[in-house]
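Per-entry structural report
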Amino acid sequence: MLDKKHRVFSSGYSKYGRLGHQEEKDLNKFYEIQELKNRKIVEVKCGYSHSMAVSRNGELFTWGQG
């Protein structure tokens with residue numbers, strides 16, 4: 001999830017690091033992805049076992065099952 005302040009949050013099944021957090025722990029609430037906290041994220045896309053985010057200056061971040 002991307003909010004109006006350009007913060008990225010995730011929740012759900014975390015196997016393979018799908019949620020972008022430091023530990024593989026399933027989450028039933030949305031938590032901000034700390035690695036992206038100081039980035040101005042403008043778009044996110046999610047697949048079955050991976051996710052991606054693009055910053056305002058064109059950086060691409062990916063996480064999940066490679």
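Values in this document were obtained by computation on a predicted structure and should not be read as measured data. (Residues numbered from 1 in each chain as written. Predicted model: local features only at pLDDT ≥ 70, side-chain atom pairs only at ≥ 80, totals over all residues. Heavy atoms only, no water.)

A few points about the overall build of the chain
Convention followed: Here a strand is any run of E in DSSP of at least two residues, a helix any run of H or I of at least four, and the numbering for each starts at the N terminus. Partly exposed describes any residue whose relative accessible area lies between the buried limit of under 20% and the exposed limit of over 50%, with all areas from a 1.4 Å probe on protein chains only and scaled to the type maximum. Working rule for contacts: check all heavy atoms of both residues, and any pair within 4.5 Å makes them a contact. Only the protein chains shown count as cover for residues, and the accessible areas themselves come from Shrake-Rupley with a 1.4 Å probe. Within this scheme the basic residues Lys and Arg register as positive and the acidic residues Asp and Glu register as negative, but His and the chain ends are omitted. For this purpose, a charge sits on NZ of Lys, CZ of Arg, CG of Asp or CD of Glu.
Helix and strand counts for the chain come out as 0 helices and 5 strands. Each helix and strand of the chain, ordered N terminal to C terminal, gives the series β-β-β-β-β. The 66 residues of the chain split such that 32% are buried. Once local pairs closer than 6 in sequence are excluded, the contacts in the chain between residues at least 24 apart make up 29%. For the chain, the accessible surface area stands at approximately 4900 Å², while carbon and sulfur atoms represent 48% of it. Taking the average location of the 12 positive side-chain charges in the chain and that of its 8 negative ones, the two points are 6 Å from each other.

Some points on the sheet that holds strand β4 (residues 50-55)
This is how the line gets drawn: Any two strands are treated as partners once DSSP identifies two or more bridges connecting them. In this analysis, axes come from line fits to C-alpha atoms, helices being fitted only over the stretch in contact, and the angle between any two N-to-C directions falls in the range 0 to 180 degrees.
The strand order β3-β4-β5 describes an open sheet built from 3 strands, whose pairing is antiparallel. Only two strands of the sheet have a single neighbouring strand rather than two, namely β3 (41-46) and β5 (60-64). Averaged over all neighbouring strand pairs, the angle between strand axes comes to 15°, with direction disregarded. Pairing geometry for β3 and β4, over 5 bridges, is antiparallel. When the sheet's bridge partners are listed, Cys46 is paired in β4 with Ser51.

A word on the pattern of salt bridges
To keep it simple, the criterion reads: We define a salt bridge as a contact between a side-chain nitrogen of Lys or Arg and a carboxyl oxygen of Asp or Glu at a distance within 4 Å.
A complete count under the given rule lists 3 salt bridges for this structure. The partner of Glu59 in a salt bridge is Arg39, and the shortest N-O contact between them spans 2.9 Å. Of the two residues, Glu59 sits in the loop between β4 and β5 while Arg39 sits in the loop between β2 (27-32) and β3, which places them 20 residues apart along the sequence. Relative accessible area serves as the criterion here: at 28%, Glu59 is assigned to the partly exposed category.

Some remarks on unusual backbone geometry
A positive phi angle is found at His6, which is not glycine, with a value near 65°. Tracing the backbone through its elements, the reader meets His6 in the segment before β1 (9-12).

Section: the pairing of β5
Side chains Phe61 and Trp63 of β5 all project onto a buried face; the interleaved residues Leu60, Thr62 and Gly64 project onto a face where none is buried. Taken together, the 5 bridges between β4 and β5 define a ladder with antiparallel strand orientation. Bridging from a neighbouring strand, Ala53 pairs with Phe61 of β5. As consecutive antiparallel partners, β4 and β5 are separated by 4 residues, and within that stretch Gly58 has a phi angle of approximately 90°, a positive value.

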